[in-house]
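# Tertiary structure, described
Here are the chains, one letter per residue:
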Amino acid sequence: MSQSAPVEAGRLSETEARVIAALGDGQLGRPCYAYREVASTMDVAHQLARAGAAEGTCVWAERQTAGRGRAGRHWASPPGGLYLSVVLRPARAVAELPQLALVAGLAAVQAIHALTKLPARLRWPNDVLLNGKKVVGVLTEMTSEGAAGQYVVVGIGMNVQVSQKELPDEATSLSRWSEAPLDRPQMAAALLSRFELLYGHWSRSGFSAIHPGLVQWVGVFGKMVQIATAKDRFEGQVLDLDEAGRLLIRLDSGVVRAVDVGDVLLLT
Ligand code: BT5
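Residues numbered from 1 in each chain as written. Predicted model: local features only at pLDDT ≥ 70, side-chain atom pairs only at ≥ 80, totals over all residues. Heavy atoms only, no water.

### A word on the sheet that holds strand β11 (residues 256-259)
Taken in spatial order, the five strands make up an open sheet running β11-β10-β9-β8-β12, and their pairing is antiparallel. Looking along the sheet, the strands with just one partner apiece sit at the ends: β11 and β12 (263-266). Neighbouring strand axes in the sheet, compared pairwise and without regard to direction, differ in orientation by 45° on average. Across four bridges, strand β10 (residues 247-250) lies against β11 in antiparallel orientation. Paired with Ile-249 across the strands is Arg-257, a residue of β11. (Pairing = 2+ DSSP bridges. Helix = DSSP H or I, 4+ residues; strand = E, 2+ residues; numbered from the N terminus. Axes fitted to C-alpha atoms, helices over the stretch in contact; angles between N-to-C directions.)

### Digging into the site of the ligand
Around the ligand sit 29 residues in total, of which Ser-40, Arg-68, Arg-73, Lys-134 and Glu-170 are the nearest. The contact in question runs from an oxygen atom of the ligand to an N or O atom on the backbone of Arg-68, over 2.8 Å. For the ligand, an oxygen atom lies 2.3 Å from a polar atom in the side chain of Glu-170. Look at the ligand: alone it shows 790 Å² of surface, and the protein chains cover 93% of it. Those elements giving two or more residues to the shell around the ligand turn out to be α2 (41-50), β3 (81-88), β6 (133-143) and β7 (151-159). Here the shell around the ligand is built from residues that sort into eleven nonpolar, twelve polar and six charged. (Near = heavy atom within 4 Å. Polar contact = N/O pair within 3.5 Å; in protein donor to acceptor, adjacent residues only side chain to side chain. Areas by Shrake-Rupley, 256 points an atom, 1.4 Å probe, with all protein chains shown as cover. Nonpolar A, V, L, I, M, F, W, Y, C, P; charged D, E, K, R; others polar.)

### What to know about the sheet that holds β6
Spatially, β1-β2-β3-β7-β6-β5-β4 is the arrangement adopted by the seven strands of the open sheet, whose pairing is mixed. Every interior strand has two partners, whereas the edge strands, β1 (32-38) and β4 (121-123), have only one. With strand direction ignored, the average angle separating the axes of adjacent strands in the sheet is 20°. Pairing geometry for β3 and β7, over eight bridges, is antiparallel. Across the sheet, the residue bridging to Val-87 is Val-153, located in β7.

### Points about the nonpolar core
By size, the foremost hydrophobic cluster in this structure holds 65 residues, and its most contacted members are Ile-112, Met-158 and Leu-174. Among the elements that take part in this core, helix α3 (residues 99-116) stands out by supplying eleven residues, more than any other. Among all residues touching Ile-112, those that are not within four sequence positions of it are Lys-117, Leu-118, Ala-120, Val-128, Val-135, Val-136, Met-158, Leu-174 and Met-187. With 15 residues, the next largest nonpolar core counts Ala-45, Leu-48, Val-59 and Ala-61 among its residues. (Core = buried A, V, L, I, M, F, W, Y, C linked by side-chain atoms within 4.5 Å. Buried < 20%, exposed > 50% of the residue type's maximum accessible area, 1.4 Å probe, protein only. Contact = heavy atoms within 4.5 Å.)

### Remarks on the packing of helix α1 (residues 13-23) against helix α5 (residues 184-205)
Two numbers describe how α1 lies on α5: the axes approach to 8 Å, and their chain directions differ by 45°. Comparing their axes, α5 and α1 come out oblique. Crossing geometry of α1 relative to α5 is assigned as right-handed. Each of Arg-18, Val-19, Ala-22 and Leu-23 in α1 lies in contact with α5, whose residues at this interface are Pro-185, Gln-186, Ala-189 and Leu-192. In the contact of α1 with α5, the residues fall into six nonpolar, one polar and one charged. (Parallel < 35°, antiparallel > 145°, perpendicular 65-115°, else oblique. Left-handed = near helix turned anticlockwise from the far one by under 90°.)

### So, the pattern of salt bridges
Taken as a whole and assessed by the stated rule, the structure comprises 13 salt bridges. Arg-70 is the salt-bridge partner of Asp-263, the closest N and O atoms lying 2.4 Å from each other. Placement of the pair is Asp-263 in strand β12 and Arg-70 in the loop between β2 (58-64) and β3, with a sequence separation of 193 residues. With a relative accessible area of 26%, Asp-263 lands in the partly exposed category. The partly exposed category is assigned to Arg-70, whose relative accessible area is 21%. (Salt bridge = Lys/Arg side-chain N within 4 Å of Asp/Glu carboxyl O.)

These figures come from the coordinates and say nothing about function on their own.
The structure is reproduced here in structure tokens:
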């Protein structure tokens with residue numbers, strides 16, 4: 001592949017080798033570009049994708065100076081966290097691409113469970129909560145412009161071994177709860193290999209292939225929630241996810257509303 005890394009300075013070849021070794025036969029995560037510090041792994045991944053990077057290319061940072069969440073929000077990125085972005089080139093319809101946040105979130109929950117047994121749960125559409133606090137956030141950014149064609153960058157931030165002092169109040173870190181040793185390259189590989197499997201199912205058959213496996217990991221079913229969208233804010237009870245990954249909310253009036261984007265605040 002005639003692909004060059006955007007920045008050579010600050011590359012961490014030992015970390016790259018550890019991630020690749022932990023991936024085994026996995027393709028998602030290869031090649032891996034690890035940096036000591038970047039503004040955001042999203043930017044580096046976009047740069048690589050525009051230059052033709054293959055699907056699976058991943059960017060790792062030890063810390064980010066301008067980590068971001070959705071809608072321009074800040075993502076606290078001190079040392080000890082996992083900060084990854086992966087380039088994907090999905091062949092599915094643009095309308096389905098936001099589902100990738102749930103697919104990646106599911107991979108993160110499963111990886112946490114496999115390595116730590118902690119009771120992490122998905123909070124639709126892009127978070128993982130542990131004991132009521134956010135431990136993972138997923139960000140999907142997509143573009144179909146330019147010669148690089150349609151690609152998606154999926155960014156995953158996970159508080160693995162982060163001091164509470166460096167996190168917002170609503171966040172927690174695995175290290176606060178885990179008795180198992182925590183190794184970030186191993187966690188990255190566990191996450192990426194699960195993501196690869198789920199992404200394969202989703203690529204072939206769409207969200208319906210993911211839905212049954214997802215349900216047991218979603219922590220909001222049956223709960224009363226407040227939903228904030230760009231347009232409005234309302235309360236209701238979470239019933240299910242539909243076949244497109246939308247959250248189904250029963251309003252007080254009994255009407256069921258399908259929500260495709262928004263923030264969920266648990267009320268119960
Ligand atoms: C997200 O946005 O949850 C997506 C976060 C994605 C971060 C990854 S890290 C690798 C890649 N590179 C990046 O620059 N980003 C991605 P959102 O749903 O908008 O949530 C943002 C909110 O989460 C903030 O407003 C805070 O309330 C909270 N928050 C900030 N930093 C956090 C942290 N480290 N842990 C948990 N919550 C945090």
